Amino acid sequence: MGQTLEIVFWGVRGSIPVSRSDALGYGGSTSCVEVIGDNGQRIVFDGGSGIHPLGNQYMKEGFPQDLSILITHAHWDHIQGLPFFVPAFIPGNRMTFYGCNQGATLFEDVLKSQMETPYFPVKLSSWMADIRIESIGESVVDLNGMKIESSYAEHPGMTLGFRLDYKGKRIVYFPDNELFAKFDMEKVFVERDMNDEDLDMETVFLEDQKRKFFSFIGGADVLIHDAQYMPEEYGSKIGWGHSHFEMTVRAAIYGKVKHLVLFHHDPSRSDTDIENIVKSSRRIALERGSSMEITAASQNDPRLVLA
Ligand SMILES: [Zn+2]
């Protein structure tokens, strides 16, 4: 059987691109992930610096029929490649951007503003391609048979996560998401009877968050999730909007994910650090009797095929 979906990691880093020699194994570009269906449909999650080489590849190999670019949020590491996405400047290319408004500011204005003076010399209005910009919230979009559902993440400002369903395969993309921030990890992964009248308000709130998150990621073939921090760093970064890898691994096991891809690597992390995170993550899964596959997103081994 051929491949149904292919995932290509163009940018895997969080916060800021890095070019240190000890970090080039996994890669230093910020968030950008391409998904290609067996029907030729291509979609792109986020426009971090990784979208720059992707645009160059499209220039060489031809632009897809109608590209959809889904932006989780407008922190720099998710949009900083867009002013350098060359296909947007070429007449005849068709592309649609999807993303959420920030309060009263429309998504379209959010995209425009990073290209205003004095931040950038070329305005978004000089994009000569046929461009549509759509505001979405928690919604469902059908892109040529790929069903994309969005859900708000736990991250400063309005931030989305995306779930893609296509021919029985499910990919979930949550690059920036702080899982169950206010709760002790041991308290999170407990099965509870919601009819129990002794549950306190805090626990009811936790169960509500769990229900929403796990029904969204439930049974994903591939979960691409924020794993920016080490558990020992997390204490000083609560509320910053990112998860530590142990929480991410435990959540993916609990959500019966088949393959977890650790993503949004901290800029301070070397290749060896990331390898150690993968080893520790696999150990956690093994200890919990889980056969879930775990890898770290890498620009040098960028392709992941779902048959
Ligand atoms: Zn980010």
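This text follows the structure it describes.
Owing to the predicted nature of the structure, the values given are computational and were not obtained by experimental measurement.

Trainee: Even after reading the chapter, I still don't get the overall build of the protein chain, so can you show me in this structure?
Mentor: Assigned secondary structure in the protein chain consists of eight helices and 14 strands. For the protein chain, whose C-alpha radius of gyration is 19 Å, the value lies close to the compact-globule estimate of 19 Å for 307 residues. For the protein chain, the spread of C-alpha atoms along the three principal axes comes to 60 × 45 × 40 Å. Across the 307 residues that make up the protein chain, the buried fraction comes to 43%. Across the protein chain, every contact between residues at least 6 apart in sequence was considered, and the portion connecting residues at least 24 apart equals 68%.

Trainee: Quick question: what am I supposed to make of the sheet that holds strand E6 (residues 130-135) here?
Mentor: Strand pairs in the sheet, formed through backbone hydrogen bonds, run parallel or antiparallel to each other. Taken together, the seven strands give an open sheet; going across it, the order is E6-E5-E4-E3-E2-E1-E14, and neighbouring strands pair in mixed fashion. If you trace the sheet from one side to the other, it starts and ends with E6 and strand E14 (303-306), each paired once. Taking each pair of neighbouring strands and ignoring which way they run, the sheet shows an average axis angle of 20 degrees. Note that strand E4 (residues 67-70) and strand E5 (residues 94-99) share four bridges and pair parallel. Considered in E5, the bridge of Ser68 is made with Thr96.

Conventions adopted
- Residues numbered from 1 in each chain as written.
- Predicted model: local features only at pLDDT ≥ 70, side-chain atom pairs only at ≥ 80, totals over all residues.
- Helix = DSSP H or I, 4+ residues; strand = E, 2+ residues; numbered from the N terminus.
- Rg over C-alpha atoms; globule rule 2.2 N^0.38 Å.
- Buried ≥ 20, exposed ≤ 12 C-beta atoms within 10 Å, placed from the backbone.
- Contact = placed C-beta atoms within 7 Å.
- Pairing = 2+ DSSP bridges.
- Axes fitted to C-alpha atoms, helices over the stretch in contact; angles between N-to-C directions.

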